[in-house]
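Coordinate inspection notes
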Amino acid sequence: MATTSAAPRKAAAPREGQTYRFNLAERIAHWNHALTFLILLFTGLALVVRGVATTFDRDLLLMFGQAHRGVAILFTAVTIPVLLVGARKASGEWVRSSFWFDKDDRTFLLRFYRDFFGLPVQLPPQGRFNAGEKINSIMQILGWPVMVISGWMLVFKDQLPPTVAQVTVATHSMTALVLGCAVLGHIYLAAIHPHSRPGISGMISGWVPSWWARGHYRKWYDSGHK
């Protein structure tokens, strides 16, 4: 019988063959961040990439601009409060662990490319988040404030000095491109890659198969899911 994780990820009566991985607040925060970012990414591309923008008429581009600003409010204002209210301890542990790489993490990074492309490899045991997920987490943790600050500055772009506006546009666009590549890789691993795909249930119901949790996050699983 699988056991549930320690507080604050409480929820749930144990399920046979299942391990509880993410609580409701963590799942809401994840999906808000992911979905709003994707909408912002694609509406932003339509607005700023010349070859894309010219394929749409003016009214549709105006609608994209309104959607971009509206969704930016959710991207800015929802994720962190949800985590602070519903998963404060888990979020603090996530941030701290994301910036700490032990020997197993470093070995994982050196070998993971083989697993990414479906090649045979023996990966070292990992904690609650593997080293690749830590890299993605660092990118999101550092990239989020850059996107938010530069994005809201662009709302008032006409009031900025021309040089500042140009730097802000470049910063916002390049950060979106880098984070977009990371998100696309994350989607591939979560939804397509056969080794990691079983884990997507953790962001839907909170539960993942115990055999999968033990195989992918051995240190976390063996520690009692703390």
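Look up: the structure comes first, before these words.
Residues numbered from 1 in each chain as written. Predicted model: local features only at pLDDT ≥ 70, side-chain atom pairs only at ≥ 80, totals over all residues. Heavy atoms only, no water.

1. Quick look at the nonpolar core
In plain terms, the rule: Residue types Ala, Val, Leu, Ile, Met, Phe, Trp, Tyr and Cys, when buried and joined through side-chain atoms within 4.5 Å, form a set referred to as a nonpolar core. Think of it in three bands: residues with accessible area under 20% of the maximum for their type are buried, residues over 50% are exposed, and the middle band is partly exposed, with areas taken using a 1.4 Å probe on protein chains only. Helix and strand assignments follow DSSP, with helices taken as H or I runs no shorter than four residues and strands as E runs no shorter than two, numbered in order from the N terminus. In this description, contact between two residues means that some pair of their heavy atoms is separated by no more than 4.5 Å.
In terms of nonpolar packing, the biggest core is built from twelve residues, these being F37, L38, L40, L41, V71, A72, F75, M147, V148, A176, L179 and V183. Secondary structure elements with two or more residues in this core: α1 (24-48), α3 (58-77), α7 (131-155) and α8 (162-191). Top contributing element to this core by residue count: α1, with four residues. Among residues more than four places away in sequence, those in contact with L179 are F37, M139, Q140, G143 and M147.

2. What about the pattern of salt bridges?
When the charged atoms of two side chains with opposite charge come close together, those side chains can pair. Test applied: The working definition used for a salt bridge is a side-chain nitrogen of Lys or Arg within 4 Å of a carboxyl oxygen of Asp or Glu.
Throughout the structure, instances matching the rule amount to five salt bridges. The residue K219 makes a salt bridge to D102 at a minimum N-O spacing of 2.9 Å. Of this pair, K219 sits in helix α10 (residues 218-222) while D102 sits in the loop between α5 (88-98) and α6 (103-116), and the two are 117 residues apart along the sequence. Its relative accessible area of 32% is what places K219 among the partly exposed residues. Judged by its relative accessible area of 23%, D102 is partly exposed. Between K219 and D104 there is a salt bridge; the shortest N-O distance is 2.8 Å. Pair noted here: K219 is in helix α10 and D104 is in helix α6, with a separation of 115 residues, a long-range link. With a relative accessible area of 22%, D104 lands in the partly exposed category. One connected set of salt bridges, linked through shared partners, spans D102, D104 and K219.

3. Quick notes on α8
Counted only if it meets this: Helix span is expected to be 1.5 Å times the residue number reduced by one.
Taking 1.5 Å as the rise per residue, α8 with 30 residues should run 44 Å; its terminal C-alpha atoms sit 42 Å apart, in good agreement. Where α8 is concerned, the buried positions are A165, T168, H172, T175, A176, L179, G180, A182 and V183. Where the residues of α8 are buried, they touch α1 and α7.

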